[in-house]
Amino acid sequence: MKWPIKKIGAAVLSAALLASYCITGCSFKKGKEEIVDESGLVLSGKMPDTLPEGLSWYDYKEDSAIFDYLKDKIGGYFVSDITWFNGRMWLFVSETEPDLPVYHIMSFDENNKETSDFVIRNEFGDNISLNRMISGNRLYLTAFDFSRQSDYLYPVDENTGSVSPDDKIDISGVTGADDSFKTFAFSGNDLAVLKISDTSSAELIDISAGASKKKVSLDQLTRDYSIRYPEGIMGAGNNKAVVWGGTSSNMYFGQIRYCLIDFETGNISALDEMEYINVPLRNLTYCDGKLVTVTDGGVYLIDTDSSTCKMTLSFNCSNCNRFLVNNSELKYADDSKLIFSSSRSDVTTLDIRYSVCSFTVTSDYPAAGKEILTVASTEDLDYSISKAIMRFNSESSSSFILFDSRYKANGDIDYSNADSAEASALNTHRSYALVSDRLAMDIMSGKGPDIIISNGANEQLSKSDYFLDLTDYLEKESGIDESSYFMNAINASRFNGGLYQFPIGFSVEGLIASSDCFGGRNGLTFDEYLSMVKTVCNGQDPVYDHQLYYSRTEIAARLFAYSNELFIKDGKADLNNDAFRAILDYCKTLPVKGYFEGKDIDAEFEDLIRAQESMPVQPVRVYGFYEYETFAQNHKGDIAICGYPSSDGRTATIVPDLSVSVSAHSSNTDACKEFLGILLSDEIQSTLGTCIPMNRKCAKDLALNEIESNNEMAERYADRKYASVGEILDPALADRYIEQISKASTSGIVYHSISLIIYEEIPAYFEDQKSFEDVANTINDRAQKVLDERK
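Structure report, in brief. These numbers come from a predicted model, not from an experiment. (Residues numbered from 1 in each chain as written. Predicted model: local features only at pLDDT ≥ 70, side-chain atom pairs only at ≥ 80, totals over all residues. Heavy atoms only, no water.)

**Let's talk about the overall build of the protein chain**
- Within the protein chain one finds 21 helices and 35 strands.
- Within the protein chain, residue pairs in contact and separated by at least 24 positions form 64% of the contacts whose partners lie at least 6 positions apart.
- For the protein chain, the accessible surface area stands at approximately 33,100 Å², while carbon and sulfur atoms represent 45% of it.
- The positive charge centre, built from 73 side chains, and the negative charge centre, built from 120, are 3 Å apart in the protein chain. (Helix = DSSP H or I, 4+ residues; strand = E, 2+ residues; numbered from the N terminus. Contact = heavy atoms within 4.5 Å. Areas by Shrake-Rupley, 256 points an atom, 1.4 Å probe, with all protein chains shown as cover. Lys, Arg positive; Asp, Glu negative; His and termini not counted. Charge placed at Lys NZ, Arg CZ, Asp CG, Glu CD.)

**As for the pattern of salt bridges**
- The final tally for this structure, using the stated rule, is 41 salt bridges.
- Asp-380 is the salt-bridge partner of Lys-408, the closest N and O atoms lying 2.8 Å from each other. With Lys-408 in the loop between β26 (399-404) and α7 (421-444) and Asp-380 in the loop between β25 (371-377) and α6 (383-395), this residue pair connects regions lying 28 residues apart in the sequence.
- A network of salt bridges, in which partner residues are shared, links Arg-282, Asp-296, Asp-380 and Lys-408. (Salt bridge = Lys/Arg side-chain N within 4 Å of Asp/Glu carboxyl O.)

**A short note on the pairing of strand β20 (residues 298-303)**
- The buried fraction of β20 is high, at 5 of 6 residues.
- Here 4 bridges tie strand β19 (residues 290-294) to β20, and the two strands are oriented antiparallel to one another. Each bridged residue has a counterpart across the sheet, and for Leu-291 the counterpart in β20 is Ile-302.
- In this structure, the hairpin formed by β19 and β20 is closed by a connection of 3 residues.
- Pairing between β20 and strand β21 (residues 308-314): 6 bridges, direction antiparallel. Bridging from a neighbouring strand, Val-299 pairs with Leu-313 of β21.
- Once β20 ends, the chain turns through 4 residues before running back antiparallel as β21, passing Ser-307 with a positive phi of about 55 degrees. (Buried < 20%, exposed > 50% of the residue type's maximum accessible area, 1.4 Å probe, protein only. Pairing = 2+ DSSP bridges.)

**Looking at the packing of helix α11 (residues 552-561) against helix α19 (residues 752-761)**
- Two numbers describe how α11 lies on α19: the axes approach to 10 Å, and their chain directions differ by 140 degrees. It follows from the interaxial angle that α11 and α19 lie oblique. Where α11 crosses over α19, the handedness of that crossing is right-handed. For the pair α11 and α19, the contacting residues are Thr-553, Glu-554, Ala-557 and Phe-560 in the first and Ile-754, Ser-755, Ile-758 and Tyr-759 in the second. (Axes fitted to C-alpha atoms, helices over the stretch in contact; angles between N-to-C directions. Parallel < 35°, antiparallel > 145°, perpendicular 65-115°, else oblique. Left-handed = near helix turned anticlockwise from the far one by under 90°.)

**Here's the deal with the sheet that holds strand β3 (residues 88-95)**
- Taken together, the 4 strands give an open sheet; going across it, the order is β2-β3-β4-β5, and neighbouring strands pair in antiparallel fashion. The two strands at the open ends of the sheet, each matched to only one other strand, are β2 (77-85) and β5 (114-120). In this sheet, neighbouring strand axes are inclined to one another by 15 degrees on average, regardless of whether the strands run parallel or antiparallel.
- Where helix α2 (residues 65-74) meets the sheet, its contacts fall on β2, β3, β4 (103-108) and β5, and the angle it forms with β4 comes to roughly 140 degrees.

**Concerning the packing of aromatic side chains**
- In total, this model carries 29 aromatic pairs according to the counting rule given.
- Where Phe-392 meets Phe-675, the ring centres are 6.2 Å apart and the plane angle is 90 degrees; that geometry is what we call edge-to-face. Linking Phe-392 in helix α6 with Phe-675 in helix α15 (residues 669-679), this pair joins segments that are 283 residues apart in sequence.
- Since its relative accessible area comes to 0%, Phe-392 is described here as buried. (Phe/Tyr/Trp six-rings, centres within 6.5 Å; stacked < 30°, edge-to-face > 60°.)

**Describing the nonpolar core**
- Among the nonpolar cores identified, the biggest contains 115 residues, and Phe-502, Val-508 and Phe-580 are the most heavily contacted of them.
- What Val-508 contacts, discounting residues up to four positions off in sequence, is Val-620, Arg-621, Val-622, Ile-641, Ala-652, Thr-653, Ile-654, Ile-692, Ile-741 and Ala-744.
- Among the nonpolar cores identified, the runner-up in size contains 19 residues, and Ala-185, Tyr-225, Val-243 and Phe-263 belong to it. (Core = buried A, V, L, I, M, F, W, Y, C linked by side-chain atoms within 4.5 Å.)

**Some details on helix α10 (residues 526-535)**
- Turning to α10, its buried residues are Phe-526, Tyr-529, Met-532 and Val-533. Along the long axis of α10, the arc covered by the buried residues comes to 125 degrees, so they all point the same way. What points out from α10, more than 90 degrees from its buried face, is the exposed set Asp-527, Lys-534 and Thr-535. (Arc of directions from axis to C-beta.)

**A short note on a negative patch on the surface**
- A grouping of Glu-110, Asp-288, Asp-334 and Asp-335 is seen on the molecular surface, where their side chains present a negatively charged patch.
- Positionally, Asp-335 belongs in the loop between β22 (328-333) and β23 (337-345).
- For Asp-335, a relative accessible area of 78% gives the class exposed. (Patch = residues over 30% accessible without salt bridge, like charges linked within 9 Å, V, L, I, M, F, W, Y side chains within 5 Å.)

**So, the sheet that holds β23**
- If you walk across this open sheet you meet the 4 strands as β1-β24-β23-β22, and the pairing is antiparallel. Single-partner strands in this sheet number two, and they are β1 (58-63) and β22. Across the sheet, the axes of successive neighbouring strands diverge by a mean angle of 20 degrees, strand direction being ignored.
- In the sheet, β1 pairs with strand β24 (residues 352-361) via 6 bridges, with the strands oriented antiparallel. Along β24, the bridge assignment pairs Asp-63 with Val-356.

**Some details on α2**
- Among the residues of α2, Ile-66, Phe-67, Leu-70 and Ile-74 are the ones counted as buried. Buried positions in α2, seen along its axis, are confined to an arc of 90 degrees and lie on one side of it. Exposed side chains of α2 directed beyond 90 degrees from the buried face belong to Lys-71 and Asp-72.
- Phi turns positive, to about 95 degrees, at Gly-75, one or two residues after α2.

**Points about the pairing of strand β10 (residues 181-187)**
- Counting buried residues along β10, 6 of its 7 residues qualify, which places the element largely inside the surrounding structure.
- Across 7 bridges, the pairing between β10 and strand β11 (residues 190-196) is antiparallel. Each bridged residue has a counterpart across the sheet, and for Ala-185 the counterpart in β11 is Ala-192.
- Taking the residues that link successive antiparallel strands as the turn, the β10-β11 hairpin has 2 residues, and the phi of Gly-188 there is positive, at about 65 degrees.

Function cannot be inferred from these measures alone, as they are strictly geometric.
Structure representation (structure tokens):
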């Protein structure tokens, strides 16, 4: 669906607040109006002494015992597949050290004790590629024969885990051998085969009879549902399967979409369009006859036969790590237990960390009677935030954090405009503007959350009516000083003098190159930048060339945002000036479409990335040491980070990817600050993997870990002819990295509502339909109305 453009005027907001006041009969400071989560649990007051009927408390456990055992027994390994079958956890793993592949089919009981280990060395020959396990009426190992271009299923012995090269089912004997890529899933006792080619199809096979039952063309996926090409298949019950795929060849635009195939009728339908499914379809899996989707609120089971979608587990009824479960696959579920398999990148060891996450119904209920604090997030919760919530809930004797999932940005998707850079950016601006409007009304009416986690873009709410100014907390309570934390990131997060959004982690956006390319500067005026493009970059403009998702309109909106204090001061808009003209005149010279728009990134990925890597100056978003290290591996010299061009030559931009705000109407601001302190602790800061930690030592330690890992790999594989490894890195590079990100000072706060106005008005100047003065004055008038409505 498409986002409507919505603004809250002063009269509308006042009326809403007056109505809320009259209905509740209380002042705004008294407390939140009663609201409930998806399970019906009340999100205000205190946790009930006993949970409401129909809800159970679940004990959560993340267990890596199986994988620790594998490391001790095998050494280096890679997990190809994990499944639950016949009361046991089954793993298909490969060893990483031998020159020739060695595989293990292993099983473990409910106590994580090994029950079988079947080792495969060279029994299947050089032409057979063993891929993954699937389960139906029994367990199978899928494989591909390169010599015959055939797909096989090898039955796995349920007691020993053994497979035999001579005992196989030739799927290609039924579907026909061709050069299409195939993937499989069981639909009841039959096998659903997805054939991916120029004319993709799904076929249902009776493997006991070795016969095809039904074949369905998938041309409709692109024509009606915007799926560019199918990528995978999963079961959905008898005679049904779900095919999924991306809606764009550009990973930054596209979304995953799921379509249900009914093999009996041949009908294909989009799951997100079904009336009985009213929750997000994320990381959809199939388990025990049901489709499973895991949302921010909990686990839902979808039964396509009975057309039902029911919550089976509320995360607010457990102290769990939501990130891990959100990115896991449900392997087993009954009335008292759910088991997930999880994998994530461990930022301290740089290894893939595998674990089993379990939820078990328990009579213990540690949250009973505790005061409720609500946390909301405009973004997906990451591992570190989830870990901090768990720690707070475990340590606090008086408060318990519940999650309020009403404020997620980018929740609605416009599938039809998936390949448009401009449409993608517009959806983002509209989404954040709507979320800010909703938060503004809810906070003032007593319905808002106590703590808001965002990407720091809430300029609308950065005032004492909505959020606490955390300057006193910073100076008197936090213990933070310039030597231990990135004060530049904190200062860049200030708005109108107040610290309403406290950064927990950040990224740095700008240009990266050898310092010589920038003339030793950390910022460039437009004239200096264009001179560099001509003399250093051979005419290639790094702000535009090889950017993954920016149109020229979005570049203009970003350059406006990164110089916003030049155009908006003390609630007054003034864009009719030389600084804004310089932005528009520069962007007017850029192509209309984004650089990658219309390009098939999957097909051209290597060429596109190789071309970008050869550019002496590149656009960069530094989320951590990896981006800095990658450039340093391919370019010589003293690597520096410079700001995008601006009228006054400002530095690179601080983007506060994780920020915390405390509602000015929270009844327990002390507990909110206690949670903020946990987020700033070494324990949590050292786990940040999606952005740069605020703690300087943690950021440097993570950089040194990456250097050590890189150097170890470079030394280990130095003599291997075809191994692609980097060069040995000097540990001093970590200091240079810290120095460079410490120099970034430009604020990354974005006026989303005003960005929407810029999007609508500046094309008239780009296309010579209006003068700069006419466009700037129109933007001024419209922007001023938005600013006045917020007073």
